[in-house]
Amino acid sequence: MLRLTGVEEWRSYCDDQRLANRRVGLVPTMGALHAGHTSLFDAAKDHGDVVVATMFVNPRQFDDQGDLDRYPRTPDVDRAMAEAHGVDCLIEPTLAAMWPDYPGPTPTTVTVRGLSDVLEGAHRPGHFDGVASVVAKLLTVTGPCRVYFGEKDFQQLAVIRQMVRDLSFAVDVVGCGIVRDADGLALSSRNVLLGEDARQRALALSRALATVTAAPASASEHRRTLREIVSGAGLDVIYADVVDPVTFAPSGDADSGDARALVAARIDGVRLIDNGPVVLKGEP
Ligand code: AMP
């Protein structure tokens, strides 16, 4: 596995792959890798791509300095996991390479209006600007590729799809399913911050989503069920909503068909998110 840190060597590596008629599969991560991340490496490998993974804890997408400081960092384990899952080139760009003006503000920002303003975006001001800006940079340096994202961050995936469409990036966005522990908890780098008791209570998120996924109901009923189960387990609900899976417009009680349920909650100071499909049974 090749390891690179500089933007120019990363750019030429990807150029060389395309010149040799290979397809580049980019997997952006913030490190602290787990089976959710490696499922993306595996998906890229299965597509026959040359797998290029980035590991960069992007400060611009953190709205809370404490959250950034506490974000888990396990670079040695990450390198071994990436190699074991067939990553061909692991890129660990320096902060200076990514954001030369940091810690000052970076004048150039990519904003995806609308999708960035609701749910995660409403509760984490500037978060999706940070995400869209860093992904725009990763795609610009990498060049034409397939880029893999997990549905774990369902709204992020929607924001990226919109940005790629609007700015005509020469990339195919591939969304991959959520990887869960055997007990249902969606894998997340933040799960290591949970104590045993908090981890048990955190199962309410996946339990709530499994409940609403299992039976069609109106949007209000789904929202009520989500809240009841999550707050009943002693978690602080940040939001529990049902929206159109593409536009993220809130679902109404007259709506029927496919929608997405998304939940964010805090437990012992750790912020967790999860989501799943729901079917709406419109009320006449
Ligand atoms: P992160 O390192 O948290 O920025 O995540 C990097 C990528 O891994 C994103 O596309 C995430 O959606 C994806 N990812 C994180 N957790 C999971 C999971 N449990 N299942 C599938 N994909 C995931």
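Predicted model only: the values in this text are computed from it and were never measured.

Cut-offs and rules
Residue numbers here run from 1 along each chain, matching the order of that chain's written sequence. This being a predicted model, a pLDDT of at least 70 is required before a residue's local features are given, and a value of 80 or more before pairs of side-chain atoms are given or counted; all residues contribute to the totals for chains, interfaces and linings. As a rule here, side-chain values cover all heavy atoms of the structure and leave hydrogens and water aside. An automatic or database domain assignment supplies the start and end points of every domain. Two residues qualify as a contact provided that any one of their heavy atoms is within 4.5 Å of a heavy atom in the partner residue. When two components associate, each loses some accessible surface as probed by a 1.4 Å sphere; the sum of these losses over both components is called the buried area. Within this document, salt bridges are pairs made up of a side-chain nitrogen of Lys or Arg and a carboxyl oxygen of Asp or Glu, the two lying within 4 Å of each other. A 3.5 Å cut-off defines polar contacts: any pair of N or O atoms within that distance qualifies, except that in protein one atom must be a possible hydrogen donor and the other a possible acceptor, and neighbouring residues in sequence count only when both atoms are side-chain atoms. Only when DSSP finds a minimum of two bridges between them are two strands counted as paired. Segments assigned H or I by DSSP are reported as helices when at least four residues long, segments assigned E as strands when at least two residues long, and all are numbered from the N terminus. With axes taken as lines fitted to C-alpha atoms, and helix axes fitted only over the stretch in contact, angles between N-to-C directions fall between 0 and 180 degrees. Buried residues are those whose accessible area, probed at 1.4 Å on protein chains only, stays under 20% of the maximum for their type, while exposed residues exceed 50% and partly exposed ones sit between those limits. Roughly parallel means an angle under 35 degrees; roughly antiparallel means over 145; roughly perpendicular covers 65 to 115; every other angle is labelled oblique. Crossing handedness is read from the near helix: turned anticlockwise from the far helix by less than a right angle, it gives a left-handed crossing, and turned clockwise, a right-handed one. Polar here means any residue outside two lists: the nonpolar Ala, Val, Leu, Ile, Met, Phe, Trp, Tyr, Cys and Pro, and the charged Asp, Glu, Lys and Arg; Gly therefore counts as polar. A helix is expected to span 1.5 Å multiplied by its residue count minus one. As used in this record, nonpolar core signifies buried Ala, Val, Leu, Ile, Met, Phe, Trp, Tyr and Cys residues forming a set joined through side-chain atoms within 4.5 Å. Two rings from Phe, Tyr or Trp (for Trp, the six-membered ring) form a pair when their centres are within 6.5 Å of each other. A pair whose planes differ by under 30 degrees is stacked, one over 60 is edge-to-face, and the rest are tilted. The rule is short: NZ of Lys or CZ of Arg within 6 Å of the ring centre and within 35 degrees of the ring normal puts a charge over the ring.

This next bit is on the domain arrangement of the protein chain. Here the protein chain is partitioned into domain 1 (2-176) and domain 2 (189-275). The interface of domain 1 with domain 2 comprises 21 residues on the first partner and 19 residues on the second. Carbon and sulfur atoms supply 58% of the area that domain 1 and domain 2 bury against each other, a total of about 1700 Å² over both sides. On the domain 1 side of the interface with domain 2, the three residues burying the most area are Arg-70, Leu-119 and Phe-154, jointly 34% of the side's total. Residue Arg-271 is joined to Glu-120 by a salt bridge in which the shortest nitrogen-to-oxygen separation is 3.1 Å. Summed over the shared surface of domain 1 and domain 2, the number is 10 residue pairs in polar contact (both at pLDDT 80 or more).

Attention now moves to the sheet that holds strand β2 (residues 24-29). Judged by pairing direction, the sheet is parallel, and its 6 strands sit side by side in the order β1-β4-β3-β2-β5-β6 without closing on themselves. Of all strands in the sheet, those with a lone pairing partner are β1 (2-4) and β6 (171-176), marking the two edges. Neighbour-to-neighbour, the strand axes of the sheet open up by a mean angle of 25 degrees, direction not taken into account. Across 3 bridges, the pairing between β1 and strand β4 (residues 89-91) is parallel. Residue pairing in the sheet places Arg-3 in a bridge with Leu-90 of β4. Lying on the sheet, helix α1 (residues 7-19) is in contact with β1, β2, β3 (50-55) and β4; it crosses β3 at an angle near 165 degrees.

Let us look at the pairing of strand β7 (residues 236-243). Burial within β7 is extensive, with 6 of its 8 residues counted as buried. Pairing geometry for β7 and strand β8 (residues 257-267), over 7 bridges, is antiparallel. What sits directly across from Asp-236, in β8, is Arg-266.

With that settled, the discussion passes to the side chain of Arg-190. Along the chain, Arg-190 turns up in the loop between β6 and α9 (196-214). Given the relative accessible area of 15%, Arg-190 is considered buried. Setting aside chain neighbours within four positions, we find Arg-190 in contact with Phe-62, Asp-67, Tyr-71, Arg-124, Val-270 and Arg-271.

Quick look at the packing of α9 against helix α10 (residues 219-232) now. Where α9 contacts α10, the axes come no closer than 9 Å and their chain directions differ by 155 degrees. Here α9 lies roughly antiparallel to α10, going by the angle between them. Crossing angle aside, the handedness with which α9 passes α10 is right-handed. Two secondary-structure elements touch here, α9 through Ala-204, Leu-205, Arg-207, Ala-208, Leu-209, Thr-211 and Val-212 and α10 through His-222, Thr-225, Leu-226, Ile-229 and Val-230. Partitioning the contact of α9 with α10 into residue classes produces 8 nonpolar, 3 polar and 1 charged.

On to helix α7 (residues 127-142), then. Working note: α-helix, 3.6 residues per turn, so residues spaced by three or four point in the same direction. If you check α7, its first and last C-alpha atoms are 23 Å apart, about what 16 residues at 1.5 Å a residue would give, namely 22 Å. Summarising burial for α7: 13 of the 16 residues are buried, a large majority. Just beyond α7, the residue with positive phi is Gly-143, at close to 85 degrees.

Core analysis: the biggest nonpolar cluster contains 47 residues, and Trp-10, Leu-139 and Met-163 have the highest contact counts within it. No other element matches the 9 residues that α7 contributes to this core. There are two domains that each give this core at least three residues, and those are domain 1 (2-176) and domain 2 (189-275). If sequence neighbours within four positions are ignored, Met-163 has contacts with Val-110, Val-112, Ala-132, Val-135, Ala-136, Leu-139, Ser-168 and Phe-169. By size, the runner-up hydrophobic cluster in this structure holds 26 residues, among which are Ala-208, Ala-219, Ala-240 and Leu-280.

Take the packing of aromatic side chains next. Under the defined criterion, the tally for this structure stands at 2 aromatic pairs. Here Phe-62 and Tyr-71 contribute two aromatic rings whose centre-to-centre distance is 5.6 Å and whose plane-to-plane angle is 80 degrees, an arrangement assigned as edge-to-face. Each of the two residues, Phe-62 as well as Tyr-71, counts as buried. Directly above the ring of Trp-99 sits Arg-60, whose terminal nitrogen or CZ lies 4.4 Å from the centroid. Here Arg-260 stacks its cationic end above the ring of Phe-154, 4.1 Å away from the centre of that ring.

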